[in-house]
Amino acid sequence: MATIHPFDLQARAELAAQSLTALLDPQRDGLMYFLAEWRARPPHADHGLWDYGDGSGRHTDALTLARSMVRPDSPAAVPGPGDGQLEAWMLRCLGDEGLSWLPAEPWARPWGAEMLLAAWQPEQPAAEISWAQRATLMGLLSRFLSTHDERYMARAQRLIDALLHIAVRHPDGLFFPEGYYQPDGWGYREPGLFAGIEEYNAVLAGPALRWYQATRYEPALALAEGLVRFALRHTRGYSPDGTWSVAEKGLSDVAHLHTRTSFILAVLKLGLELDRRELVAWARQSYEHARTWGTTFGLFPEHLGNRHGEICGTVDMIELALLLGQHVDRRYYADAERYGRNQLLESQYLSLESLQRALLRLPSAEAPAPYGGAYSTQHGVAESQVGGFAARSTVNDAFHLDATAMMQCCNASGTRALYDLWRYAIEECAPVAEGLPQVSVHLRFSVETLALRIVSHEPAMGRLDITARREAEVKLRLPQTVSQALLVREGGQVSPLTAHDGYVSFDAAAGETSSVYYALPEREVYETIGAPGRQAACLGHWRGETLMRVEPEGTYLPLYVRTLDLPPVEPALPAGPMIESL
């Protein structure tokens, strides 16, 4: 396997696409294995209820985005058989009324039925509300935006209509009282079945808003607005200003960060869509509070107080930072760059050799596979995850013994974040008055669009080579704390640049390549994650916004063993359309 440049987003997306289709069950029409146990000898992958609407929807979304951004000559630019199998499972789970249902399989029994259902009736089918419906909407929308095939539109709008139909009406909005819906209706119709269920089920409001923004389908907005309005009033664990009060009894066990950050994303999107400044302020303050639970380089706990993370939460934080940077304050782009350039990229498995070496170092845990292994596989599990993401890493290692199971939701989320970083690195803006069109470079990765070609030399040196495709005013975000830069034009003319609100600007002629040089300050930062008495800590050595090394070094698969001996990444125009992913 060819060595991948550690900061090449397009090459990483190609490898991620391979991983997303590599762990499918040929005996079940390509049904994915969502979970795997790394500490088994050998590792085994297992079927579970998340294989269906949640897993297939997330993977369909991520594959569509990845295949759009790779280089045109990449093998990953063309969908493979696995894409069709995953999409077929996503569609197969949709009932005539529109909801995504769990099939009658032993491994598809509802998770947490004693908590999420008032009266579980095992002989009846169940539709998992939060993640399955959310992911299915994500997959349908990305397929629609990529292909403009109205069959995806029809399925998505039927799903939205079905969710509106089963939602319980309340003066405060809409809510789903249980975690699963069954054909004979809800077994409970009041809020508060368990702590946090209102925000847990409202996570699907985010994709519903994205659907509304893309199609202006009014029921999608009505669904999202009703769910968010009710959850803000009734869910537990938030102060009125958006900060978190999770010490409340019963919340410590359910304070799943990915649930929280998905809900905050929905609140932010709703506030931006409706121009509701109080919602935007609430989401911004809640995001600020979320930052205090993690590290500056993007590791956030799976559950509040954990000392290991979950990539899904990191991805939510990247998307929140991008949206806040676009609409509230451009300084939030620095968060998105740090989280993406560091924890996201470092968590992707790029080498089978290093992954296999890490698995041999992990202490074995010979817990039997579920159902005696009847619905599991040991074939090629490690090989399938090259290009995937370390689901539960810690400050200095891709593995932590507190939680070692592989979760494919993180593979799809990580791939989506690669796309987000690539898609929103460059922003084209309308000219101000009679001036030139403006093109802003918010994230300093190597990216090529129809407006600009950016070649980044970071972290070896602070330098971007910028080629304008057409005459424009270019605005470039410098690393935090850096306020000066030098512009060197093709003819050798040198001009000093001073940053305003973190950005330097210059006029670029069509076809001209200019280089901008800037400092990459080095510093050391001590960081911790986890609850008192159960913390992971590290000393990070930074260069600009790149974390180069951490101490102590990890035990199993060390992270942040980076080098300065790197050539710049040469980007290319994408193979497909630039889809709006936020």
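Details of the structure are given in the entry above.
Quick notes on the rules
- Residues numbered from 1 in each chain as written.
- Predicted model: local features only at pLDDT ≥ 70, side-chain atom pairs only at ≥ 80, totals over all residues.
- Heavy atoms only, no water.
- Pairing = 2+ DSSP bridges.
- Helix = DSSP H or I, 4+ residues; strand = E, 2+ residues; numbered from the N terminus.
- Axes fitted to C-alpha atoms, helices over the stretch in contact; angles between N-to-C directions.
- 1 Å grid on protein atoms, 1.4 Å probe; cavity = no way out; pocket = protein on both sides within 12 Å on 5 of 7 lines; lining within 4 Å.
- Points joined across faces, edges and corners; volume = space filled by probe spheres on them.
- Nonpolar A, V, L, I, M, F, W, Y, C, P; charged D, E, K, R; others polar.
- Parallel < 35°, antiparallel > 145°, perpendicular 65-115°, else oblique.
- Left-handed = near helix turned anticlockwise from the far one by under 90°.
- Contact = heavy atoms within 4.5 Å.
- Buried < 20%, exposed > 50% of the residue type's maximum accessible area, 1.4 Å probe, protein only.
- Phe/Tyr/Trp six-rings, centres within 6.5 Å; stacked < 30°, edge-to-face > 60°.
- Lys NZ or Arg CZ within 6 Å of the ring centre and 35° of its normal.

Draft legend 1. Region of interest: the sheet that holds strand β22 (residues 534-543). With antiparallel pairing, three strands are arranged side by side in an open sheet as β21-β22-β23. The two strands at the open ends of the sheet, each matched to only one other strand, are β21 (522-531) and β23 (546-551). In this sheet, neighbouring strand axes are inclined to one another by 35° on average, regardless of whether the strands run parallel or antiparallel. Pairing between β21 and β22: ten bridges, direction antiparallel. Note that in β22 the partner of Tyr526 across the bridge is Leu539.

Draft legend 2. Local environment of empty space enclosed by the protein. Applying the stated criterion across every chain, the model contains five cavities of 30 Å³ or more. Lining the largest cavity are 20 residues, and of these Arg134, Met138, Leu265, Glu319 and Arg416 lie nearest its centre. Contributing elements (two or more residues each) for the lining of the largest cavity: α2 (53-69), α5 (130-147), α8 (205-215), α10 (257-274), α12 (311-327) and α16 (408-423). In terms of residue class, the lining of the largest cavity is built from seven nonpolar, five polar and eight charged.

Draft legend 3. Examining the packing of α10 against α12 more closely. Two numbers describe how α10 lies on α12: the axes approach to 8 Å, and their chain directions differ by 20°. By the angle between their directions, the pair α10 and α12 is classed as roughly parallel. With respect to the hand of their crossing, α10 and α12 are arranged in left-handed fashion. Between α10 and α12, the contacting residues are Leu257, His258, Thr261, Ser262, Ile264, Leu265, Leu268, Lys269 and Leu272 on the first element and Cys312, Gly313, Asp316, Met317, Glu319, Leu320, Leu323, Leu324 and His327 on the second. Here the contact of α10 with α12 is built from residues that sort into ten nonpolar, five polar and three charged.

Draft legend 4. The arrangement of the environment of Asp83 in detail. By secondary structure assignment, the location of Asp83 is in helix α3 (residues 81-92). Since its relative accessible area comes to 12%, Asp83 is described here as buried. In this structure, the C-alpha to C-alpha distance between Asp83 and Arg416, residues 333 residues apart in sequence, is 15 Å. Leave out the neighbours within four places in its chain, and Asp83 touches Thr21, Leu63 and Arg67.

Draft legend 5. Fine view of the packing of aromatic side chains. Within this structure, the stated rule accounts for 23 aromatic pairs. Arranged with centres 6.2 Å apart and planes meeting at 90°, the rings of Trp38 and Phe399 form a pair that is edge-to-face. Of this pair, Trp38 sits in the loop between β3 (35-37) and β4 (44-46) while Phe399 is found in the loop between α15 (381-384) and β10 (405-407), placing the two residues 361 residues apart along the sequence. A ring pair is formed by Trp101 and Tyr181, whose centres lie 6.4 Å apart and whose planes are at 55°; its orientation type is tilted. Here Trp101, found in the loop between α3 and α4 (113-116), pairs with Tyr181, found in strand β8 (residues 180-181); they are 80 residues apart in sequence, far enough to count as distant. Like Tyr181, Trp101 is buried. Put simply, the rings of Tyr238, Trp244, Phe263, Trp282 and Trp293 touch in pairs and so form one group of aromatic residues. When the ring centre of Tyr238 is taken as origin, the NZ or CZ atom of Arg260, which lies over that ring, is 4.0 Å away.

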